[in-house]
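The lines below spell out each chain.
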Amino acid sequence: MFKPIKTLSRSETENLIEGAVVLGCGGGGDPDIARDIVDTLFAQGKELRLMNLDDLDDHAWVAILGYVGGGVSPEEIAANQDVPRVWETPILQAAEQLAGHLNVQFDAYLCSEIGAGNIIANFLVAAMEGKPIIDGDAIGNRAKPELSISLTSLVGLSVAPLAATTHYGDVIILDKVSDTFRAEYLCRYLSRASSGRLAVARCPSKGAEIKKAMQPNSISLAMEIGRIIREEKHHKIDKMINVTGGKKLFEGTITKVTRENRDGFVWGDIHFNGRGEEAGKKYHIWFKNENLVSWKDEVLDATCPDLIMIVEADSGKGVYNWGSQLAEGKEVMVIGMSATEPWQTARGFEIFGPKHFGFDFQAKPLSAR
């Protein structure tokens, strides 16, 4: 049913993680956890196999895998402090439970987004089952904050049946749901009740259907970005911009970061002072898990669904919005990249434009510059 075209080496996998942090726009899952999983898989002799979309049979069964999560309150974390953890990697059980519910065997898996954690979650399941993941994703070269923000929503591919599992051994089968927005709402509450981490297997489909609801070659793009970061000696950021077709949005130093864990997301703002050609100017990025809107000198500069990526000015490494990476005093470059074409439509802006997040202005596409 499938023809794996590449078995990733350890070096290629590290390239993938580095590139996925960049394309993740600040989110997409913890790269350190991703590296730990990869170390374990290679130590066990497992193969991480990547297949070209062209090699996916129209009759093959595919599921989209990923974690739903974000910021939870201290009270929500405390509610689980005495609950024993049953599964360290519940994404394995999510895929298994969905397959069992449908009485099928999945032939390949598709990443819900491009982010270090969620890509490696797919490779974990595929490697343990001896299957490949497809070179592509269900959003379009980036990470996103909500399950409903998906190319599957644009084309009307059903999110259900859906299987959700937690570290605590819970298994939830959502057999029917009105739409992906309702599914996001339900899964977000399950995530909040589970310390901010819910594994989800969704959109079980045949190959012919999934091909209409995905962005191909995005994993290869992440690998090439990672290769540039790890192997190129000079002009790394310029080379990354060249392969992504991106634009330099700002060069500066992080001066202030605010974060709030609320409603199952991490909300925040990042402020910068300019340097070099941007000396004397200021920049501001608003994020909800991922970077979504930015302003230069208080004038709107870039918006979702376009990508707003922060990279270290010296190394080119992507900056993750959790932990200590997003540190005051860090010198960075902000890079913009145009969203894939399906998002640059009226329906695309409705689902993934700034108005969806409560702003009173329209999207400002980079492609219009």
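All figures in this text were calculated on a predicted structure; none of them were measured in a lab. (Residues numbered from 1 in each chain as written. Predicted model: local features only at pLDDT ≥ 70, side-chain atom pairs only at ≥ 80, totals over all residues. Heavy atoms only, no water.)

Details of the UniProt feature "domain: S-Me-THD-like C-terminal" (unreviewed entry) in the protein chain
Working step 1: Cross-referencing UniProt, the feature "domain: S-Me-THD-like C-terminal" (unreviewed entry) maps to residues 180–366 in the present numbering.
Working step 2: Across residues 180–366, helical content stands at 25% and strand content at 37%; the span's end C-alpha atoms are separated by 27 Å. (UniProt positions renumbered as here; feature names shortened; annotations may be inferred. Helix = DSSP H or I, 4+ residues; strand = E, 2+ residues; numbered from the N terminus.)

Section: the packing of aromatic side chains
Working step 1: Taken as a whole and assessed by the stated rule, the structure comprises 14 aromatic pairs.
Working step 2: Of the aromatic side chains, those joined through ring pairs into one cluster are Phe265, Trp267, Trp286, Trp295, Trp343, Phe352, Phe357, Phe359 and Phe361.
Working step 3: For the cation-ring pair, Arg192 lies above Tyr189, with the distance from its terminal atom to the ring centre recorded as 5.1 Å.
Working step 4: One cation-aromatic arrangement involves Lys288 over Phe265; the distance from NZ or CZ to the ring centre is 4.1 Å. (Phe/Tyr/Trp six-rings, centres within 6.5 Å; stacked < 30°, edge-to-face > 60°. Lys NZ or Arg CZ within 6 Å of the ring centre and 35° of its normal.)

Considerations on the packing of helix H2 (residues 31–43) against helix H5 (residues 116–129)
Working step 1: Packing of H2 against H5 brings their axes to within 8 Å, and their N-to-C directions diverge by 20 degrees. By the angle between their axes, H2 is roughly parallel relative to H5. Where H2 crosses over H5, the two elements pack in a sense that is left-handed. Taking contact as the criterion, the partners of Pro31, Ala34, Ile37, Val38 and Leu41 in H2 are, on H5, Ala116, Gly117, Ile120, Phe123, Leu124, Ala127 and Met128.
Working step 2: For the contact of H2 with H5, the per-class residue count stands at eleven nonpolar, one polar and no charged. (Axes fitted to C-alpha atoms, helices over the stretch in contact; angles between N-to-C directions. Parallel < 35°, antiparallel > 145°, perpendicular 65-115°, else oblique. Left-handed = near helix turned anticlockwise from the far one by under 90°. Contact = heavy atoms within 4.5 Å. Nonpolar A, V, L, I, M, F, W, Y, C, P; charged D, E, K, R; others polar.)

Digging into the UniProt feature "domain: S-Me-THD N-terminal" (unreviewed entry) in the protein chain
Working step 1: Under the UniProt annotation, "domain: S-Me-THD N-terminal" (unreviewed entry) lies at residues 13–175.
Working step 2: Spanning residues 13–175, this segment combines 37% helix with 18% strand, and its end C-alpha atoms are found 35 Å apart.

Considerations on H2
Working step 1: Look at H2: 18 Å from first C-alpha to last across 13 residues, which is about the 18 Å you get at 1.5 Å a residue.
Working step 2: Buried residues along H2 sit in contact with helix H1 (10–23) and H5.
Working step 3: For H2, the capping residue at the N-terminal end is Asp30, with a side-chain oxygen 2.8 Å from the backbone nitrogen of Asp32.
Working step 4: Just downstream of H2 lies Gly45, where phi reads positive at about 75 degrees. (Expected span 1.5 Å × (residues − 1). Polar contact = N/O pair within 3.5 Å; in protein donor to acceptor, adjacent residues only side chain to side chain.)

Topic: the side chain of Glu278
Working step 1: Counting through the fold element by element, Glu278 comes out in the loop between strand E11 (265–274) and strand E12 (282–288).
Working step 2: By relative accessible area, Glu278 is classed as buried at 14%.
Working step 3: At 3.5 Å, the side chain of Glu278 and the side chain of Lys296 are in polar contact.
Working step 4: Sequence-distant contacts of Glu278, that is, excluding residues within four places in its chain, are made with Leu249, Phe250, Glu251 and Lys296. (Buried < 20%, exposed > 50% of the residue type's maximum accessible area, 1.4 Å probe, protein only.)

A word on the nonpolar core
Working step 1: In this structure, Leu23, Tyr109, Ile119, Phe123 and Ile219 are the most contacted members of the largest nonpolar core, which totals 57 residues.
Working step 2: Of the residues forming this core, the biggest block, nine residues, is contributed by H5.
Working step 3: With sequence-adjacent residues up to four places away left out, Ile119 is seen in contact with Leu16, Ala20, Cys111, Glu113, Ile114, Ile133 and Ile219.
Working step 4: Counting 26 residues, the second-largest nonpolar core is a separate cluster that includes Leu53, Ile64, Ala108 and Cys187. (Core = buried A, V, L, I, M, F, W, Y, C linked by side-chain atoms within 4.5 Å.)

Some thoughts on the pairing of strand E16 (residues 331–337)
Working step 1: For E16, the tally of buried residues reaches six of seven residues, placing the bulk of the element in the interior.
Working step 2: Sheet analysis places strand E10 (residues 247–262) next to E16, joined by six bridges and oriented antiparallel. Across the sheet, residue Glu251 finds its bridge partner in E16, namely Met333.
Working step 3: Here strand E15 (residues 307–312) runs beside E16; their pairing, made up of six bridges, is antiparallel. By the bridge assignment, Glu312 is partnered in E16 with Val332. (Pairing = 2+ DSSP bridges.)

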